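# Observations on the three-dimensional arrangement
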Amino acid sequence: MKKILGLISIFICVLSGSAFADGKALIAYFSWSGNTAALAKTIAEVSGFELFEIRTVTPYTKDYDEVLDVAKKEQNRKARPELATHVQNMAQYDTIFLGYPCWCGNMPMPVFTFLEEYNFSGKRIIPFVTHGGSSFGRSINDMKKTLSNAKIESNGLSVRGTGSRRQVANWLKELGFSVKN
């Protein structure tokens, strides 16, 4: 009887997407100041999922005012900055946690490059964002337009700064995932 209950529990975890041992989720993130990187690392620690950093060939300036000017210009041009990092086998992942800072009310343009580089059809995309007050801005709507064949999770995580371990654990539980102690 215990074996049957154990198998049923495993089956339920697999169906709900909370089986962490199968390696089918990826935490992909772009970070400028380090806040999004810190949040992504907390998600990885709590979940056990693999991390992937989206980096550009040409790094952004460290000056806040200058990077805002660059971000605005890139948005106006619909630029797609070249990426220095690439996921080796995106097909192996069913779920992608996608993190980024909200720049000028949207995703940074390297995130658009990332989204256009792979086939996300049928994949579950779970956004998380760091911001100074704008939350997701219009990024979820633009993500849905860009990834019309993906399942964009509406219950993303939006934090000022880096967020806390407890906040991340509660969010993952709300999404139906198991968390590490």
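Above this note sits the structure.
Now for a description of the structure that goes with this document.

Conventions used here
- Residues numbered from 1 in each chain as written.
- Predicted model: local features only at pLDDT ≥ 70, side-chain atom pairs only at ≥ 80, totals over all residues.
- Heavy atoms only, no water.
- Helix = DSSP H or I, 4+ residues; strand = E, 2+ residues; numbered from the N terminus.
- Buried < 20%, exposed > 50% of the residue type's maximum accessible area, 1.4 Å probe, protein only.
- Contact = heavy atoms within 4.5 Å.
- Axes fitted to C-alpha atoms, helices over the stretch in contact; angles between N-to-C directions.
- Parallel < 35°, antiparallel > 145°, perpendicular 65-115°, else oblique.
- Left-handed = near helix turned anticlockwise from the far one by under 90°.
- Nonpolar A, V, L, I, M, F, W, Y, C, P; charged D, E, K, R; others polar.
- Expected span 1.5 Å × (residues − 1).
- Arc of directions from axis to C-beta.
- Polar contact = N/O pair within 3.5 Å; in protein donor to acceptor, adjacent residues only side chain to side chain.
- Pairing = 2+ DSSP bridges.
- Right-handed = clockwise from strand over helix to strand, strands pointing away.
- Phe/Tyr/Trp six-rings, centres within 6.5 Å; stacked < 30°, edge-to-face > 60°.

Attention now goes to the overall build of the chain. Counting its regular elements, the chain contains 6 helices and 6 strands. Along the chain, from the amino end to the carboxyl end, the secondary structure elements read α-β-α-β-α-β-α-β-α-β-β-α. Sorting the 181 residues of the chain into buried and exposed places 45% on the buried side. Partitioning the contacts of the chain with sequence separation of at least 6, the portion at a separation of at least 24 is 79%.

One can describe the packing of helix α4 (residues 109-117) onto helix α5 (residues 139-146) by two numbers: an axis separation of 11 Å at closest approach and a directional angle of 25°. For the element pair α4 / α5, the angle class is roughly parallel. Here the hand of the crossing between α4 and α5 comes out right-handed. Where α4 abuts α5, its residues Phe112, Leu115 and Glu116 lie against Asp142, Met143 and Thr146. Residue composition of the contact of α4 with α5, grouped by class: 3 nonpolar, 1 polar and 2 charged.

What follows concerns helix α3 (residues 64-77). Given 3.6 residues per helical turn, the α-helix brings residues three or four places apart onto the same face. Compared with an ideal rise of 1.5 Å per residue, which puts 14 residues at 20 Å, α3 spans 20 Å between its outermost C-alpha atoms and is within 8% of the ideal. Residues Val67, Ala71, Glu74 and Gln75 constitute the buried set of α3. Along the axis of α3, the buried residues cluster in a sector spanning 100°; they form a single face. Of the exposed residues in α3, those oriented more than 90 degrees away from the buried face are Asp65, Lys73, Asn76 and Arg77. Looking at the buried positions of α3, the neighbouring elements they touch are α4. A side-chain oxygen of the first residue of α3 lies 3.2 Å from the backbone nitrogen of aspartate 65; this N-cap is aspartate 63. Just downstream of α3 lies lysine 78, where phi reads positive at about 55°.

Let us look at the pairing of strand β2 (residues 50-53). Bridge count for strand β1 (residues 25-29) against β2 is 4 bridges, and the pairing is parallel. Paired with tyrosine 29 across the two strands is glutamate 53, which belongs to β2. Regarding the hand of the β-α-β motif, the stretch spanning β1, helix α2 (residues 35-47) and β2 is right-handed.

This brings us to the packing of aromatic side chains. Given two aromatic rings, their pairing is described by the distance between the two centres and the angle made by the two planes. By the definition in use, this model includes 12 aromatic pairs. Ring centres 5.3 Å apart and planes at 80° place the aromatic pair tyrosine 60 and tryptophan 103 in the edge-to-face group. Residue tyrosine 60 is located in the loop between β2 and α3, and its partner tryptophan 103 is located in the loop between β3 (95-101) and α4; the two are separated by 43 residues in the primary sequence. Considered together, tyrosine 60 and tryptophan 103 belong to a single accessibility category, that of buried residues. Here the aromatic cluster, defined as three or more aromatic residues joined through ring pairs, consists of Phe49, Phe97, Trp171 and Phe177.

Once that is clear, we can look at α4. Counting buried residues along α4, 7 of its 9 residues qualify, which places the element largely inside the surrounding structure. Along its buried surface, α4 packs onto β1, β2, α3, β3 and α5.

Along any regular strand the residues' side chains alternate between the sheet's two faces. Side-chain alternation along strand β6 (residues 157-160) places Leu157 and Val159 on a buried face and Ser158 and Arg160 on a face that remains uncovered. Bridge analysis of strand β4 (residues 124-131) against β6 gives 4 bridges, and the strand direction is parallel. Across the sheet, valine 129 pairs through a bridge with serine 158, a residue of β6.

Non-glycine residue lysine 78 carries a positive phi angle of around 55°. By the secondary structure assignment, lysine 78 is in the loop between α3 and β3. Given a relative accessible area of 62%, lysine 78 falls into the exposed group. A positive phi angle, near 55°, is found at cysteine 104, a position not held by glycine.

None of the figures reported here should be taken as evidence of function without further support.
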